[in-house]
Amino acid sequence: QVQLVESGGGLVQAGGSLTLSCAVSGRTFSNYAMGWFRQAPGKEREFVATISRYGATTYYGDSVKGRFTISRDNGKNTVALRMNSLKPEDTAVYYCAAKESPTSQATHEYPYWGQGTQVTVSS
């Protein structure tokens, strides 16, 4: 089993920045591609970003491209999401997820999920 725990969410003003972190335990971290997803109230869970096993490949959702950066530290078993130029529409619960390689933007392909962390962006 793989356990994921997100942290770093909170309240931030529009235009501000926030960094989310996800700590992973239970299996060899470098075996897994990692993803960040988000879900706003009344909406479906949305792909945000994904990173390959060793960080060579990243993909971003269109709504966050150029503002968010995903990264990972295989020595510390963590994956981070740096969020800049935040907008009120970025308000959501953000989830970290893991899957065996390769990367994917599809929610249903990720078997392991964290509990989520709330990000609220005020206007």
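The structure under discussion appears in the preceding block.
An account of the accompanying structure is given in this report. Model, not experiment: these values are computed from the prediction. (Residues numbered from 1 in each chain as written. Predicted model: local features only at pLDDT ≥ 70, side-chain atom pairs only at ≥ 80, totals over all residues. Heavy atoms only, no water.)

**Quick word on the state of the cysteines**
Part 1 of the reasoning: Following the criterion strictly, the structure yields one disulfide and no others.
Part 2 of the reasoning: At a sulfur-sulfur separation of 2.2 Å, the disulfide partner of cysteine 22 is cysteine 96. Taking the sign of the S-S torsion, about -80 degrees here, the bridge from cysteine 22 to cysteine 96 comes out left-handed. Within this pair, whereas cysteine 22 is found in strand β3 (residues 18-25), its partner cysteine 96 is found in strand β9 (residues 92-100), the two being separated by 74 residues in sequence. For the pair formed by cysteine 22 and cysteine 96, the shared burial category is buried. (Disulfide = S-S within 2.5 Å. Helix = DSSP H or I, 4+ residues; strand = E, 2+ residues; numbered from the N terminus. Buried < 20%, exposed > 50% of the residue type's maximum accessible area, 1.4 Å probe, protein only.)

**Here's the deal with the sheet that holds strand β1 (residues 3-7)**
Part 1 of the reasoning: Here four strands make up an open sheet; going across it, the order is β1-β3-β8-β7 and the pairing antiparallel. Edge strands, defined here as strands with exactly one partner in the open sheet, are β1 and β7 (68-73). On average, each strand axis in the sheet is inclined to that of its neighbour by 15 degrees, with strand direction left out of account.
Part 2 of the reasoning: Across six bridges, β3 lies against strand β8 (residues 78-83) in antiparallel orientation. The residue bridging alanine 23 from the neighbouring strand is threonine 78, located in β8. (Pairing = 2+ DSSP bridges. Axes fitted to C-alpha atoms, helices over the stretch in contact; angles between N-to-C directions.)

**Structural notes on the nonpolar core**
Within soluble globular proteins, side chains that are nonpolar generally end up buried alongside one another.
Part 1 of the reasoning: Grouped together as the largest cluster of nonpolar side chains are 29 residues, with contacts concentrated most on Leu4, Met34, Trp36, Val79, Leu81, Met83 and Tyr94.
Part 2 of the reasoning: Counting residues per element, the ones that place at least two in this core are β3, β4 (32-39), β5 (46-51), β7, β8, β9 and β11 (117-122).
Part 3 of the reasoning: In contact with tyrosine 94, other than residues within four places in its own chain, are Glu6, Leu20, Trp36, Phe37, Arg38, Val48, Phe68, Leu81, Met83, Gly116, Thr117 and Val119. (Core = buried A, V, L, I, M, F, W, Y, C linked by side-chain atoms within 4.5 Å. Contact = heavy atoms within 4.5 Å.)

**Quick look at the pattern of salt bridges**
Part 1 of the reasoning: Counting across every chain of the model gives four salt bridges.
Part 2 of the reasoning: Across the pair aspartate 62 and lysine 65 runs a salt bridge, and its minimum N-O distance is 3.1 Å. (Salt bridge = Lys/Arg side-chain N within 4 Å of Asp/Glu carboxyl O.)

**So, the environment of threonine 58**
Part 1 of the reasoning: With respect to the helices, strands and loops of the structure, threonine 58 is situated in strand β6 (residues 58-60).
Part 2 of the reasoning: Exposure remark for threonine 58: the relative accessible area of 31% places this residue in the partly exposed category.
Part 3 of the reasoning: Here the alpha-carbon distance between threonine 58 and serine 71, two residues 13 residues apart in the chain, equals 8.5 Å.
Part 4 of the reasoning: The residues touching threonine 58, leaving out its near neighbours within four places in the chain, are Thr50, Ile51 and Ile70.

**A look at the pairing of β4**
Part 1 of the reasoning: In terms of residue burial, β4 counts as a mostly covered element, since seven of its eight residues are buried.
Part 2 of the reasoning: Alignment of β4 against β9, held across eight bridges, turns out to be antiparallel. Bridge pairing links alanine 33 to lysine 99 in β9.
Part 3 of the reasoning: Both β4 and β5 contribute to a ladder of five bridges, which runs antiparallel. Bridging from a neighbouring strand, arginine 38 pairs with glutamate 46 of β5.
Part 4 of the reasoning: Linking β4 back to β5 in an antiparallel pair, the connection comprises six residues, with glycine 42 at a positive phi of about 80 degrees.

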